[in-house]
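Descriptive structure summary
So you can see what is in the structure, the chains are spelled out below.
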Amino acid sequence: MRRFAAVLTLLLAALTAFAASAPSAALALAVPPHGGQWVVDNARLLPPAEKDALGAELRRYAETSGYQIVILTVPSLEGESIAAYANRVAREWGVGRKDANTGVLILVAKAEARVRFEVGRGLEDRLTDVLSKRIQREVTVPQFRAGRIGAGLTETVRAIQQALAPSAAAGGADTAPLEPVAPAPQAKPQPKDDGFPW
């Protein structure tokens with residue numbers, strides 16, 4: 001009987017340890033419904049007029065270009081990786097044309113003060129990781145740090161639109177969103193992408 005109790009105790013301890021170390025889908029941050037909106041401001045960072053104007057611009061841009069840019073703000077990531085969450089949101093929302101994967105999600109996490117662009121594969125050749133980080137560093141973050149979230153998102157959208165413009169893809173200098181910068185020295189690979197801080 002003692003042996004049975006000891007084995008049962010060890011088994012329960014092992015199961016408890018496994019359950020605690022394994023990520024649980026039940027604990028994952030829920031993906032909010034978008035309800036057909038281009039800007040889902042769950043963190044309440046934008047006044048209604050700014051949110052509506054930005055949403056109208058994103059809708060207009062999608063209709064004229066075929067590329068979708070959508071924005072989600074969340075109060076907190078609740079411990080979840082911003083990269084994993086952004087990817088999950090983009091997939092569940094179906095950002096961009098399904099056949100071409102031409103969408104961009106701008107995710108803003110208020111409590112963590114992080115921003116991330118989730119770029120569809122169909123746009124990665126023009127809105128590269130390097131260019132995304134430059135836009136975040138030189139356009140988005142300065143506005144956010146000054147408390148101008150709406151202006152920061154509006155200018156960020158403009159910079160992304162410029163990067164995706166046909167003349168930018170052809171190498172046109174007149175639409176480059178930022179001044180050329182010398183290549184950065186090789187950095188050590190990062191184990192995870194935790195978004196760009198502000």
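To be clear, the structure that these remarks concern was listed above.
Quick summary incoming for the structure in this document.

Procedures and definitions
- Residues numbered from 1 in each chain as written.
- Predicted model: local features only at pLDDT ≥ 70, side-chain atom pairs only at ≥ 80, totals over all residues.
- Heavy atoms only, no water.
- Core = buried A, V, L, I, M, F, W, Y, C linked by side-chain atoms within 4.5 Å.
- Buried < 20%, exposed > 50% of the residue type's maximum accessible area, 1.4 Å probe, protein only.
- Helix = DSSP H or I, 4+ residues; strand = E, 2+ residues; numbered from the N terminus.
- Contact = heavy atoms within 4.5 Å.
- Polar contact = N/O pair within 3.5 Å; in protein donor to acceptor, adjacent residues only side chain to side chain.

**Section: the nonpolar core**
General note: in soluble globular proteins, nonpolar side chains tend to be found buried as a group. Counting residues in each nonpolar core, the largest one holds 50 residues, and the members touching the most others are Leu72, Tyr85, Trp93, Ile106, Leu127, Leu153 and Ile160. Sorting the residues of this core by element identifies β1 (39–41), α2 (48–65), β2 (68–74), α3 (82–93), β3 (103–109), β4 (114–119), α4 (129–145) and α5 (149–164) as the ones contributing at least two each. Residue contributions to this core peak at 7 residues, all from α5. If near-sequence neighbours (up to four positions away) are discounted, tryptophan 93 is found in contact with Val31, Pro32, Pro33, His34, Val40, Val70, Ile71, Leu72 and Leu105.

**Here's the deal with the environment of aspartate 41**
You can see aspartate 41 is positioned in strand β1. Residue classification places aspartate 41 among the buried positions, given a relative accessible area of 11%. Ignoring sequence-local partners within four residues, the contact set of aspartate 41 consists of Leu46, Lys51 and Thr73. A polar atom in the side chain of aspartate 41 sits 2.5 Å from the side chain of threonine 73.

**Looking at the side chain of threonine 140**
Note on placement: threonine 140 falls in helix α4. With relative accessibility at 0%, the residue threonine 140 sits in the buried group. In contact with threonine 140, not counting residues within four places along its chain, are Val115, Phe117, Ile135, Gly152 and Thr156.

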